[in-house]
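# Per-entry structural report
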Amino acid sequence: MLDTSAKPTGKAADVTGPSGTPSRRQRRRTAKVGEQVPRHLRAHRTAYLMITPMVVLLGIFVLWPLAYAFYLSFFEISFYKDAEFVGLDFYTFVLTDPDFYDSLFVGLKLALMVVPTILVLALLLASFIATLSKRMAAFMKTTVYVPAVVSSVVAAIIFVFIYQDEGFANWFIGLFGQGPLAWLNTATTALPAVAVPAVWLGFGVSTLIMLAGILDIPESYFESAQLDGANFWQRTWYITIPSLRNVILFLLVTGVTLTIQEFQLPLVMTNGGPVNATNTPNLYIFNSFRDGTPYATSYSLTAALLLFLVIGTISVIIFRVVSSEKSSDA
Amino acid sequence: MNRSWYAPRRLVSYLLVAGIAVTALFPLAWMAISGFKSQAEVLRSPFQFFPDVWQLENYRLILADPPFVRAMAITFAGAVIFTVASLVVNAMAAYAFARLDFAGKPLWWIVCITPMFVPAMAILLTSFVVVSKLGMLDTLAVLIIPGVASSAQMFFLRQFYLNMPAAVEEAALIDGATRWQIFLQIFVPQSLGPFVVVGIASFLAYWNSYVWPVLVVSNPDLTQIMQYLATFRSARGNEWGMLMAGSTLAALPTIVLVLIFQRYIVNGVRLAGIK
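Residues numbered from 1 in each chain as written. Chains lettered and ligands numbered in written order. Predicted model: local features only at pLDDT ≥ 70, side-chain atom pairs only at ≥ 80, totals over all residues. Heavy atoms only, no water.

### With respect to the overall build of chain B
- Of regular secondary structure, chain B possesses 14 helices and zero strands.
- Reading the helices (α) and strands (β) of chain B from amino to carboxyl end gives α-α-α-α-α-α-α-α-α-α-α-α-α-α.
- Counting only C-alpha atoms, chain B reaches 75 × 65 × 30 Å along its principal axes.
- Buried residues in chain B amount to 55% of all 275 residues.
- Put simply, of all contacts in chain B between residues at least 6 apart along the chain, 71% involve residues at least 24 apart.
- Accessible surface, chain B: about 11800 Å² in total, of which carbon and sulfur atoms supply 68%.
- Of note, chain B has its 17 positive side-chain charges centred 12 Å away from the centre of its 11 negative side-chain charges. (Helix = DSSP H or I, 4+ residues; strand = E, 2+ residues; numbered from the N terminus. Buried < 20%, exposed > 50% of the residue type's maximum accessible area, 1.4 Å probe, protein only. Contact = heavy atoms within 4.5 Å. Areas by Shrake-Rupley, 256 points an atom, 1.4 Å probe, with all protein chains shown as cover. Lys, Arg positive; Asp, Glu negative; His and termini not counted. Charge placed at Lys NZ, Arg CZ, Asp CG, Glu CD.)

Structure, rendered in C-alpha cells:
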C-alpha cells in the first residue's frame, strides 16, 4: 500500500504546480507525516491545501476591502489632514441626501422598465422554443444567447450609434411620421434608451432558464389542456405560468437586484445625464468618488455599503429560497 | 421537443424563428455591416442598412492601429491565464468542500461563500486602495489575480461534485490512492461539462471587464480591449466606421466561444439547478 501511494504522489504534486501555494516541498512533508497519522487527519491537510488559494485570495481581494470599507465609513478621509473618527455621520449624510434617493429612484425606474419586459419576452420565447423541433430549438437557444455574451461597453457603443440623429432609431420612428429625437440628450427618453440595450443583453439567459423550467413541466398537462380545447394563451396562463412560479420569482428578484446595480451602460452611453436622468445608484457612487470633493471617499463608500446592505439582504433571501427548494427536490 | 399539435403550423414557426433571430442579432449585424461602410456612408441620411460599396478600409485601419492589436492580444492572454487560474483555484476548493471532512469546515465555508453576496460596487473603491497598497497597480497581475477566486463558480462546481457517486472514490481510497489523485484522475476528467460552463463565464468576465481596468491600469501597454474601445469613442467619436469595425472584432472572440461550446452552455443552465 505504501508503494502504490508513494509513486503517484510525486506526480500529483507536479500537476498541482500551477496553483502556486501547495508546493512540492509541502506535499512531501505531508506524505511523510501521513504514515503515522490517521487517515482523517491527512484529509484535513489535503483539504486545507485545496482551500488555501481560495481563502487567501478572497480574504485579500474581497473580505479585506469589505472590512476596510466599513472601517473607513466611520472616518472623514482627507488628503490634507489625518483621518478623523466621525461615527455614523456619513450614514446620516447619505440617508438625508436627496441625490442618493434620486439615484435609487432612477435605478428602480430602470428595473421597472427592464425586468418585466425581459420576463414577458423570455416567457414567450421559451414557450415558443419548447414547441420547436430539436434542431430548430438548438438554433434558437444559441441565437438568443449570443447577445448575452457581448460586453456592455460594446452594447453601449452600438446603441449610441443606433440613437444617432441619422441612426436606425430615428429612421424607424420616421416610418410612423415621428420627427427625429435626441434620444440620449432628452431627459424623458434617455432612461428608456438605456433600458433597451439592458433588455437586449439580459433576455437570453432568462429565456434559457425559463426554457429549462418549461421542459420540466410534464407534457401530459399540455396534452390534456389541448384536448379540452385550450389555446396557446390559455395554456400559458393556466399551466406554464403557475408551474414556473418559482423560476419567475427567482428571475424577478435577481433581475431587480442586478438592474438596480447597472452602471456600465449609462456610464458609457450618457454618463448619468441629461440632468441625472440616467444616474443609477452605482453610477452616482462611482462618479461621486471620482468627483474628488473633500468628503467624496467616505461618502461614496458609505453609500455603497448602504446599497450593499439592501441588495445583499435580498440576495441572501433568494439564495435561501432557491437552495431550500433544491434540497426538497433531491 | 416536438409537441405534435403544432405540426400544421410549421411555416408560421419558421417565419417566427427567422424573425426572432433577425431581431435578436440585428444590433450585432448592424455593427459588423457598418464597419464595411465608408466614412461618408456610415452616417448618411436617409438611413440605409447595406452599404452601396462594401469596403474593408475600416477593418484594415483598425488592424493597422498598434494600440488596438496590442489591446486585443494582451486582453486575450490575460483572459486565458485568468480562466485557467480560476478553474484551478475554484475546482480545488469545490472538491474539498464537497468531498472532504476537515476541522473548521463550516467556518471556512462561510469565508468562501459570503463574497457571493458582496456586490462589486461595495468593494470596488477599497479594492483599489488595497491593490495600490500591495504595489500591484499597473501590472498584468492586478487585472488577473483579484478576480480569480469566485464564490459563485466554486459553489456551482461543488454542487456538481456533491452529486458524484461515492462508490468510485471509496474504491480508489481502498486501492491506496491519495485525495489528490482522486481529484485529479477521477473528478477533474469527469468535470469537462461544468469546467466549460464556468471557464466560459471566467473568460467573458475578463474579456468584457471595463471599470476595473480603467481604475487600476494607466500604462498604455496594458490597456484592455474594452478600455480601448471606450477611449476611442470619447476621443475619436466621429469615426464611427472604424469604431464599429473595432467593436465587431472585439466582440468576435466571445461570440465564437459561444458558437463552439453552445451545447455545454445550454446544458449548464440545467446543471446550475436554478429551477
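There is more to say after this.
### As for the overall build of chain A
- Counting its regular elements, chain A contains 15 helices and two strands.
- Sorting the 330 residues of chain A into buried and exposed places 52% on the buried side.
- Accessible surface, chain A as shown: approximately 16100 Å² in total, 64% of it carbon and sulfur.

### Here's the deal with the UniProt feature "transmembrane region" (unreviewed entry) in chain B
All names here are of chain B.
- In the numbering used here, UniProt assigns the feature "transmembrane region" (unreviewed entry) to residues 12-33, 68-95, 107-128, 140-161, 182-207 and 240-261.
- Secondary structure content for residues 68-95 is 100% helix and 0% strand, while the C-alpha to C-alpha distance between its ends is 40 Å.
- Its end C-alpha atoms 32 Å apart, residues 140-161 is made of 73% helix and 0% strand. (UniProt positions renumbered as here; feature names shortened; annotations may be inferred.)

### Regarding empty space enclosed by the protein
- Tallied over the full model, the rule gives three cavities of 30 Å³ or more.
- A:E166, B:W30, B:K37, B:E41, B:V42, B:L43, B:R44, B:P46, B:F47, B:Q48, B:F50 and B:P51 are the residues that line the second largest cavity. (1 Å grid on protein atoms, 1.4 Å probe; cavity = no way out; pocket = protein on both sides within 12 Å on 5 of 7 lines; lining within 4 Å. Points joined across faces, edges and corners; volume = space filled by probe spheres on them.)

### Focus: the interface of chain B and chain A
- Facing the 102 residues of chain B at the interface are 105 residues of chain A.
- Carbon and sulfur atoms supply 79% of the area that chain B and chain A bury against each other, a total of about 9900 Å² over both sides.
- Our enumeration of links across chain B and chain A arrives at zero salt bridges.
- For the side of chain B that touches chain A, a count of residues per class yields 74 nonpolar, 19 polar and nine charged. (Buried area = accessible area lost by both parts, 1.4 Å probe. Salt bridge = Lys/Arg side-chain N within 4 Å of Asp/Glu carboxyl O. Nonpolar A, V, L, I, M, F, W, Y, C, P; charged D, E, K, R; others polar.)

### Things to note about a nonpolar patch on the surface
All names here are of chain A.
- On the surface, a cluster of nonpolar side chains totalling about 430 Å² of accessible area is made up of W171, F172, L175 and F176.
- Note that F172 resides in helix α8 (residues 168-174).
- In this structure F172 comes out as partly exposed when scored by relative accessible area, which is 40%. (Patch = residues over 30% accessible without salt bridge, like charges linked within 9 Å, V, L, I, M, F, W, Y side chains within 5 Å.)

### Some words on helix α11 (residues 232-243) of chain A
All names here are of chain A.
- Taking 1.5 Å of rise per residue, twelve residues should cover 16 Å, and α11 covers 15 Å from first to last C-alpha, within 8% of that figure.
- Listing the buried residues of α11 in full gives R235, T236, I239 and T240. All buried residues of α11 lie within an arc of 125 degrees about the axis, which places them on one face of the element. Those residues of α11 that are exposed and angled more than 90 degrees off the buried face are W233, W237 and Y238.
- Contacts from the buried residues of α11 go to α5 (98-130), α9 (187-215) and α10 (219-227).
- Between the side-chain oxygen of the N-cap and the backbone nitrogen of W233 there are 3.0 Å, and the N-cap of α11 in question is N231. (Expected span 1.5 Å × (residues − 1). Arc of directions from axis to C-beta. Polar contact = N/O pair within 3.5 Å; in protein donor to acceptor, adjacent residues only side chain to side chain.)

### Topic: the nonpolar core
- One finds A:M210, A:M269, B:Y161, B:F183, B:I225, B:M226 and B:L229 to be the most contacted residues of the largest nonpolar core, which totals 195 residues.
- Setting aside residues no more than four positions away along its own chain, B:M226 makes contact with A:S151, A:V153, A:V154, B:W207, B:N208, B:S209, B:Y210 and B:A250. (Core = buried A, V, L, I, M, F, W, Y, C linked by side-chain atoms within 4.5 Å.)

### Structural notes on the UniProt feature "domain: ABC transmembrane type-1" (unreviewed entry) in chain B
- Feature annotation in UniProt assigns "domain: ABC transmembrane type-1" (unreviewed entry) to the following positions: residues 72-261 of chain B.
- For residues 72-261 of chain B, the helix share is 76%, the strand share is 0%, and the end-to-end C-alpha distance is 21 Å.

### Brief notes about the layout of surface pockets
- Considered as a void within the structure, the second largest pocket measures approximately 890 Å³ in volume.
- Along the wall of the second largest pocket there are 30 residues; nearest its centre are A:L121, A:L125, B:I20, B:T23 and B:A24.
- Of the residues forming the lining of the second largest pocket, the biggest block, eight residues, is contributed by helix α1 (residues 10-34) of chain B.

### Some thoughts on the confidence of the model for chain B
- Considering every residue of chain B, the mean pLDDT works out to 89; 94% of them sit at 70 or more.
- For this predicted complex, the interface confidence comes out at an ipTM of 0.90, alongside a pTM of 0.86. (pLDDT = per-residue confidence, 0-100.)

### Overview of the packing of aromatic side chains
Residues and elements named next belong to chain B.
- Counting across every chain of the model gives 41 aromatic pairs over all chains.
- Arranged with centres 5.8 Å apart and planes meeting at 50 degrees, the rings of F97 and F102 form a pair that is tilted.
- According to the relative accessible area criterion, F102 is buried, its value standing at 5%.
- Positioned above the aromatic ring of Y264, the side-chain terminus of R263 is 5.1 Å from the ring centre. (Phe/Tyr/Trp six-rings, centres within 6.5 Å; stacked < 30°, edge-to-face > 60°. Lys NZ or Arg CZ within 6 Å of the ring centre and 35° of its normal.)

### Description of the UniProt feature "transmembrane region" (unreviewed entry) in chain A
All names here are of chain A.
- With numbering matched to this structure, UniProt assigns "transmembrane region" (unreviewed entry) to residues 47-71, 110-132, 144-163, 190-215, 236-260 and 299-322.
- For residues 47-71, the end-to-end C-alpha separation is 32 Å, with 100% helix and 0% strand making up the annotated structure.
- Between the C-alpha atoms that bound residues 236-260 the distance is 29 Å, and the span itself is 96% helix and 0% strand.

### Focus on helix α9 (residues 166-174) of chain B
Residues and elements named next belong to chain B.
- Among the residues making up α9, those that are buried are E169, A172 and L173. Looking down the long axis of α9, one finds its buried residues gathered within 100 degrees of arc, a one-sided arrangement. Away from its buried face by more than 90 degrees, α9 exposes A167 and I174.
- In the stretch just after α9, G176 is the one whose phi turns positive, near 95 degrees.

### Notes on the pattern of salt bridges
Residue and element names in this part refer to chain B.
- Within this structure, the stated rule accounts for five salt bridges over all chains.
- Among the salt bridges present, the one from R70 reaches D221, with a minimum N-O distance of 3.7 Å. Within this pair, whereas R70 is found in helix α4 (residues 66-99), its partner D221 is found in the loop between α12 (211-216) and α13 (225-235), the two being separated by 151 residues in sequence.
- Residue classification places R70 among the partly exposed positions, given a relative accessible area of 34%.
- Given a relative accessible area of 43%, D221 falls into the partly exposed group.
- Across the salt bridge formed by E169 and R179, the nearest N and O atoms sit 3.1 Å from each other. Of this pair, E169 sits in helix α9 while R179 sits in helix α10 (residues 179-190), placing them ten residues apart in sequence.

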